[in-house]
Amino acid sequence: MTATSEALPRRGLSRRQAVAALGAGTVAITLVPLSAEATPESAKKLLGELVKAAPKAGKVQIKTQEIAENGNTVPVTIAVESPMTDGDYVKEIHVVSDKNPQPGVASFMLTPANGKAEVQFRMRMAETQNVIAVALMSDGSAWTAAREVKVTIGGCGG
């Protein structure tokens, strides 16, 4: 007797079933909200988790536009006063925001080999918000600065 495909039991999913399941999973993932808007409290909480020492004002400078007419790509530069020597350097720079979908914007790890404690990046901002930077130094101290960036929509105040 010759076995035919009808006589053998099927195991697993057919291609059609697998594609349908994958599509349903994609729809389920899409329907789940990604996140709520960050708040000053969530930004402060995240900084507390990233930097254990209480940050002091000073040494950190945030260079960016005061008013961003196009919030899709706002250039930001964070500079920290430091000699960047083996005994005195910036170990980490953390940037958070209080109005982005998530409070964490960027984290940078540095060594004395960087030579200069300055980082540059572009940030997307949908609305006016505070950008907060904290630098963790090699001696365990932490320094901070904050800057409000006003985002306009179509050239109108925001």
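This text goes with the structure placed above it.
Below is a short write-up of the structure. Note that the structure is a prediction, hence the values are computed from the model and not measured.

### Section: the nonpolar core
So, point 1. Counting 26 residues, the largest nonpolar core has Val-60, Ile-78, Val-80, Val-90 and Ile-93 as the members making the most contacts within it.
So, point 2. For this core, the secondary-structure elements that each account for two or more residues are β2 (60-64), β4 (74-80), β5 (90-97), β7 (118-123), β8 (129-137) and β9 (142-151).
So, point 3. Setting aside anything within four residues of it in sequence, one finds Val-80 in contact with Lys-59, Val-60, Val-90, Ile-93, Ala-117, Ala-135 and Met-137.
So, point 4. If you look at the next biggest cluster of nonpolar residues, it comprises nine residues, including Ala-43, Leu-46, Leu-47 and Val-134.

### A look at the side chain of Thr-64
So, point 1. When you line up the elements, Thr-64 lands in strand β2.
So, point 2. For Thr-64, a relative accessible area of 14% puts it in the buried group.
So, point 3. Setting aside residues no more than four positions away along its own chain, Thr-64 makes contact with Val-74, Pro-75, Val-76, Arg-147 and Val-149.

### Observations concerning the environment of Pro-40
So, point 1. Mapped onto the elements, Pro-40 comes out in helix α2 (residues 40-50).
So, point 2. Owing to a relative accessible area of 46%, Pro-40 belongs among the partly exposed residues under this scheme.

What counts as what
Residues numbered from 1 in each chain as written. Predicted model: local features only at pLDDT ≥ 70, side-chain atom pairs only at ≥ 80, totals over all residues. Heavy atoms only, no water. Core = buried A, V, L, I, M, F, W, Y, C linked by side-chain atoms within 4.5 Å. Buried < 20%, exposed > 50% of the residue type's maximum accessible area, 1.4 Å probe, protein only. Helix = DSSP H or I, 4+ residues; strand = E, 2+ residues; numbered from the N terminus. Contact = heavy atoms within 4.5 Å.

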